[in-house]
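Structural characterization, general
Chain by chain, the residues run as shown.
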Amino acid sequence: MSHAELRDLIGRFSFQKCRRGGQGFRRVLLQLFGFLGHGKSSFINTCKYVWEDAGYSNIAKASDDDEGHTMVRITYPLTQTITLVDNRGFCKMGSYETGEIFAQLGNLLPLDTPVEWNEGFGLANRIVKAENLVKVSDFIVPIFVYSAKKGICAEDENELLELIVTARDLTGVYPIVVLTYKSSAKTNHVIRKFKTLGVERIFALENYSLEDHRKSASKHEEVLSFLCEVIKDVEFQVSQPRDPEEEMTERKAFVLRYIHHNDLKFQFQHTEIEALREQSKLEDELRHQREQHEQKIQEDERKHKEDMRRLEEEFQKLHEQPQSYKPSTYKDSKSKRRFSRKSWED
Ligand SMILES: Nc1nc2c(ncn2[C@@H]2O[C@H](COP(=O)(O)OP(=O)(O)OP(=O)(O)O)[C@@H](O)[C@H]2O)c(=O)[nH]1
Ligand SMILES: [Mg+2]
């Protein structure tokens, strides 16, 4: 398909033209999510640049380094029906941020407001409060943005799989992966890894940036093909019977269950850590008592040996004395007595 045909397909998409009509959906929300600094905001800039075919602008405030910068969930309308959402990036799955990520992704929190990292009750409370502010008429397409230059090591695989599967279960749509930093030497390896994780749609591209936004036919085509793929997917999804209200309720229940489960997990981990700490304290105390006991035994033994040695020495001394000391005999005493009487008579 030529660029013009692709543009036409994207620009003309509307829910009303779908086989069953919109069934209550009015807007496609491309929910960009992923780790900090992987190029979500840059991808929004790239999409806007390609679609609007005007000058490049850093509209989504892509950072000039790899750190976390986007703190507010901002919407960027592309066409009348398609809107991109720049979500706050996260550091790691399984942390307390995870509940917030899925609450963002499930569109359970208000758009165009700062993202706080709350856990447990704080987050559940915000979800309930946001009920009247979120639109059930938004059809969510999860877009996982990942930098190819980061590679994927064996330890990351489980985390990525959990993220992708949870995003699919929550939204009912298999996430599309956008790989940024396409020119990285690791790109092919990362594509293979994502395929082994079950991801079918992967778009690799080099984002346009302030430094390099010379128009490239292949970059433009990658972005237009990506948007066409999204449209095809949405058309397919709404060709099935759908109920936006019920889907929103299910997403809410899913995220609240997830938060509750995470809370229990953290509490369990906390209890386990406390128990381990207590156990190691007891072990330290026991070790200390054992050491003191052993020291006492050694001290007693040393004293005992010392006493024995002294006694032996004394005994030895006594044993050596008989040559100079003769105890008096009976005969001696008699003669002494005789001698003394005689001297007295004298
Ligand atoms: N070379 C190259 N640089 C990129 C690409 N995508 C993003 N960058 C750079 O990577 C850095 C981070 O990009 P952002 O778009 O701000 O990343 P982000 O995912 O929005 O980050 P947070 O909002 O902090 O989560 C910026 O310096 C971008 O210029 C790419 O495809 N190629
Ligand atoms: Mg950003």
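Residues numbered from 1 in each chain as written. Chains lettered and ligands numbered in written order. Predicted model: local features only at pLDDT ≥ 70, side-chain atom pairs only at ≥ 80, totals over all residues.

Thoughts on the overall build of the protein chain
Rules: Under the scheme used here, helices are H or I runs from DSSP no shorter than 4 residues and strands are E runs no shorter than 2 residues, and both carry numbers assigned from the N terminus. With C-beta atoms placed from the backbone, the exposure class of a residue follows from how many other C-beta atoms lie within 10 Å of its own: 20 or more, buried; 12 or fewer, exposed; in between, partly exposed. Contact definition: two residues whose C-beta atoms, as placed from backbone geometry, lie within 7 Å.
Counting its regular elements, the protein chain contains nine helices and seven strands. Burial analysis of the protein chain (346 residues in total) assigns 28% to the buried set. In the protein chain, once contacts between residues fewer than 6 apart in sequence are set aside, the share between residues at least 24 apart is 74%.

A short note on the confidence of the model for the protein chain
Test applied: Note: pLDDT gives the predictor's confidence per residue, expressed from 0 to 100.
On average, residues of the protein chain carry a pLDDT of 87, and 88% of them reach 70 or more. The least confident element of the protein chain, judged by mean pLDDT, is helix H9 (residues 330-345) at 50; the most confident is strand E6 (residues 176-180) at 97.

Topic: unusual backbone geometry
Most peptide bonds take the trans form, and the phi angle of most residues other than glycine is negative. Residue Gln23 is not a glycine yet carries a positive backbone phi of 50 degrees. Mapped onto the elements of the fold, Gln23 is located in the loop between helix H1 (3-12) and strand E1 (27-33). Given 16 C-beta atoms within a 10 Å radius, Gln23 is considered partly exposed. If you check the backbone angles, Tyr181 has positive phi at about 55 degrees while not being a glycine.

Some thoughts on the nonpolar core
Stated formally: Here a nonpolar core is just a set of buried residues of the types Ala, Val, Leu, Ile, Met, Phe, Trp, Tyr and Cys, joined wherever their C-beta atoms sit within 7 Å.
Core analysis: the biggest nonpolar cluster contains 61 residues, and Leu30, Leu32 and Val141 have the highest contact counts within it. Discounting residues that sit within four places of it in the chain, Leu30 has contacts with Ile82, Leu84, Val85, Val141, Ile143 and Val230.

Some thoughts on the packing of helix H3 (residues 97-105) against helix H8 (residues 244-320)
Our working definition: For every element, the axis is a line fit to its C-alpha atoms; helices are fit only across the contacting stretch, and the angle between N-to-C directions ranges from 0 to 180 degrees. Just so you know how the angles are binned, under 35 degrees is roughly parallel, over 145 roughly antiparallel, 65 to 115 roughly perpendicular, and the rest oblique. Classification convention: Asp, Glu, Lys, Arg as charged; Ala, Val, Leu, Ile, Met, Phe, Trp, Tyr, Cys, Pro as nonpolar; all other residues, Gly among them, as polar.
With their axes 10 Å apart at the nearest point, H3 and H8 run at an angle of 180 degrees to one another. The angle between the axes of H3 and H8 places the two elements in the roughly antiparallel class. Where H3 abuts H8, its residues Thr98, Gly99, Phe102 and Ala103 lie against Val255, Tyr258, Ile259 and Asn262. Each residue belonging to the contact of H3 with H8 can be placed in one class, and the counts come to five nonpolar, three polar and no charged.

Focus: the packing of H1 against helix H7 (residues 217-237)
Selection criterion: Each crossing gets its handedness from the near helix: less than a right angle anticlockwise from the far helix is left-handed, clockwise is right-handed.
Direction vectors running N to C along H1 and H7 enclose 35 degrees, while the axes themselves pass 9 Å from each other. For the pair H1 and H7, the crossing hand works out as left-handed. Taking contact as the criterion, the partners of His3, Leu6, Arg7, Leu9 and Ile10 in H1 are, on H7, His220, Glu221, Leu224, Ser225, Leu227, Cys228 and Ile231. For the contact of H1 with H7, the residue count by class is seven nonpolar, three polar and two charged.

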